[in-house]
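# Residue-level structural notes
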Amino acid sequence: MSQTIVNKDSVMDFVCSKVQEVLQTDEALTLDQDLASLGMDSFNSMNLVIEFETRFELVFDDEELLFENFATVRNMVDRICAKLDVDSLEP
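Residue numbers run consecutively from 1 along every chain, following the written order of its sequence. With pLDDT at 70 or above as the cut-off, local features in this predicted model cover only qualifying residues; side-chain atom pairs require 80 or more to be listed or tallied, and sums for whole chains, interfaces and linings still use all residues. Side-chain metrics rest on all non-hydrogen atoms present in the structure, leaving aside hydrogens and water.

### With respect to helix α3 (residues 73-84)
Each turn of an α-helix holds 3.6 residues, which means side chains three or four residues apart point in the same direction. Secondary structure elements are taken from DSSP: a helix is a run of H or I of four residues or more, a strand is a run of E of two residues or more, and numbering for both begins at the N terminus. Expected helix span is given by 1.5 Å per residue-to-residue step, counting one fewer step than there are residues. With 12 residues, α3 extends 16 Å between its outermost C-alpha atoms, agreeing within 8% with the 16 Å of an ideal straight helix rising 1.5 Å per residue. Listed in full, the buried residues belonging to α3 are Val 73, Arg 74, Met 76, Val 77, Ile 80 and Cys 81. For α3, the arc enclosing every buried residue in end-on projection is 165°, short of the 170-degree limit, so these residues lie on one face. Of the residues one or two after α3, Asp 85 is the one with positive phi, at around 60°. Burial classes follow relative accessibility: with a 1.4 Å probe on protein chains only, a residue under 20% of its type's maximum area counts as buried, one over 50% as exposed, and anything between as partly exposed. As used here, the arc belongs to the directions running from the helix axis to the C-beta atoms.

This is how it looks when you write it as structure tokens:
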């Protein structure tokens with residue numbers, strides 16, 4: 001990852017791509033869409049956590065691994081950006 005520039009847009013692109021892959025959908029995702037409506041469950045969210053930790057070389061604390069923290073694309077991107085010290089998405 002050291003050669004890749006990480007910014008909120010690249011984080012968002014990666015998150016959207018992985019969410020679509022995990023949920024097996026081609027549906028365009030909105031930032032605040034409730035992903036449970038597309039089939040997101042705790043198993044899927046943990047798979048995403050592993051993907052994010054691997055890709056961005058970070059570790060989520062146990063306290064962060066609440067389902068609601070990964071319920072929307074915005075929540076995921078903001079949490080990753082905070083850990084990477086990158087600006088979060090605007091509301």
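### Some words on the environment of Asp 78
Within the secondary structure layout, Asp 78 lies in helix α3. Note on Asp 78: relative accessible area 22%, which makes it partly exposed.

### Quick look at the side chain of Ser 45
Within the secondary structure layout, Ser 45 lies in helix α2 (residues 42-56). Each residue touching Ser 45, except ones within four places of it in the same chain, is listed here: Met 40, Phe 67 and Phe 70. The contact rule is simple, with two residues in contact once any of their heavy atoms fall within 4.5 Å.

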